[in-house]
Amino acid sequence: MPLRNYSLSVQCPTVEKFAKRYPQYGPFAKGKGRVLFELIISPESFISSKVATDLGFSAVLGVAEACSKSVKKSGNNIDNFTKQFIGAVVCLIMENNGYQKTGKKKSIPHPDFSRGEVYILNNNNNDTY
């Protein structure tokens, strides 16, 4: 089988845009949570969240393990604030790449997380993935 290339353009919002949308998490995103923010706001993380979403899971599942490892590597545990922060960052990257919230939550099969938002591809979006 011949090798074929595939590419996907991903909109990666800035920390400033995130802080404007979610002012309660802005200082954390610009400070202690910057590494976690950069981990989630990446093409690789979007693709992982997109795959989780397309399989019917919460988008957070796509980044749950990477986020868990990152937080534990820094010597911390994932608390409720951090989980909410992760969900907000995932929301921003999903919405910036053509997905919208369904208003439904699903369990996340990961020991550090419980439930997360489910997204669908926005049919009004002109981009194709």
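The preceding data block contains the structure.
Remember, predicted model here, so these are calculated numbers, not experimental data. Here, residues in each chain are numbered from 1, in the same order as that chain's written sequence. Confidence filtering applies because this is a predicted model: local features only for residues at pLDDT of at least 70, side-chain atom pairs given and counted only at 80 or more, and all residues used for totals across whole chains, interfaces and linings. To get the side-chain values, take all heavy atoms of the structure and skip hydrogens and water.

1. Some details on the overall build of the protein chain
The helix count covers DSSP runs of H or I at least four residues long, the strand count covers runs of E at least two residues long, and both are numbered beginning at the N terminus. In terms of helices and strands, the protein chain carries six helices and two strands. Ordering the α and β elements of the protein chain from the N terminus gives α-α-α-α-α-α-β-β. With the C-alpha coordinates aligned to their principal axes, the bounding extent of the protein chain is approximately 45 × 30 × 30 Å. Sorting the 129 residues of the protein chain into buried and exposed places 40% on the buried side. Restricting to contacts in the protein chain with at least 6 residues of sequence separation, those with at least 24 account for 63%. Residue exposure ignores everything except the shown protein chains as possible cover, and the areas themselves are Shrake-Rupley values with a 1.4 Å probe. Accessible area for the protein chain stands at about 7900 Å²; split by element, carbon and sulfur atoms hold 50% of it. Each charge class in the protein chain can be summarised by its mean position, and for the 17 positive and 10 negative side chains these summaries are 3 Å apart. A 1.4 Å probe rolled over the protein chains alone gives each residue an accessible area, and that area as a share of the maximum for its type sets the label: buried under 20%, exposed over 50%, partly exposed in between. Residue contacts are counted whenever heavy atoms from the two residues lie within 4.5 Å of one another. Asp and Glu are treated as the negative residues and Lys and Arg as the positive ones, with His and the ends of the chain left uncounted. A charge is said to be at NZ when it belongs to Lys, at CZ for Arg, at CG for Asp and at CD for Glu.

2. As for the nonpolar core
What tends to happen in soluble globular proteins is that the nonpolar side chains get buried as a cluster. Buried Ala, Val, Leu, Ile, Met, Phe, Trp, Tyr and Cys residues form a nonpolar core when they are joined through side-chain atoms within 4.5 Å. Of all hydrophobic cores here, the largest spans 31 residues; its most connected members are Phe18, Phe37, Phe85, Ile86 and Val90. Among the elements of the structure, α1 (15–21), α3 (34–40), α5 (61–73) and α6 (80–95) are those that each provide at least two residues to this core. Residue contributions to this core peak at nine residues, all from α6. Sequence-distant contacts of Phe18, that is, excluding residues within four places in its chain, are made with Tyr25, Ala29, Phe37, Phe85, Ala88, Val89 and Leu92.

3. Looking at the pattern of salt bridges
Salt bridge, as used here, is a side-chain nitrogen of Lys or Arg placed within 4 Å of a carboxyl oxygen of Asp or Glu. This structure, assessed with the given rule, holds five salt bridges. One salt bridge in this structure joins Glu95 and Arg21, with 2.8 Å as the shortest N-O distance. Of this pair, Glu95 sits in helix α6 while Arg21 sits in helix α1, placing them 74 residues apart in sequence.

4. Describing a nonpolar patch on the surface
A surface patch of nonpolar side chains, amounting to about 350 Å² of accessible area, comprises Ile47, Val51, Leu55 and Phe57. Here Ile47 shows up in helix α4 (residues 43–54). Candidates for patches are residues over 30% relative accessible area with no salt bridge; among them, like charges are joined within 9 Å and nonpolar side chains (Val, Leu, Ile, Met, Phe, Trp, Tyr) within 5 Å.

5. Quick look at the packing of α4 against α5
The relative placement of two packed helices comes down to the angle between their axes together with the axis-to-axis distance. A fitted line through C-alpha atoms serves as each axis, taken over the contacting stretch for helices, and the angle formed by two N-to-C directions is quoted from 0 to 180°. Between α4 and α5, the shortest axis-to-axis distance is 6 Å and the interhelical angle comes to 135°. Considering their axes alone, α4 and α5 lie oblique with respect to each other. Across from Ser45, Ser48, Ser49 and Ala52 in α4, the residues of α5 making contact are Leu61, Gly62 and Val63. In terms of residue class, the contact of α4 with α5 is built from three nonpolar, four polar and no charged. Under this scheme an angle from 65 to 115 degrees is roughly perpendicular, one under 35 degrees roughly parallel, and one over 145 degrees roughly antiparallel; angles in between are oblique. Under the grouping applied here, Gly and all other residues not named as nonpolar or charged are polar, the nonpolar ones being Ala, Val, Leu, Ile, Met, Phe, Trp, Tyr, Cys and Pro and the charged ones Asp, Glu, Lys and Arg.

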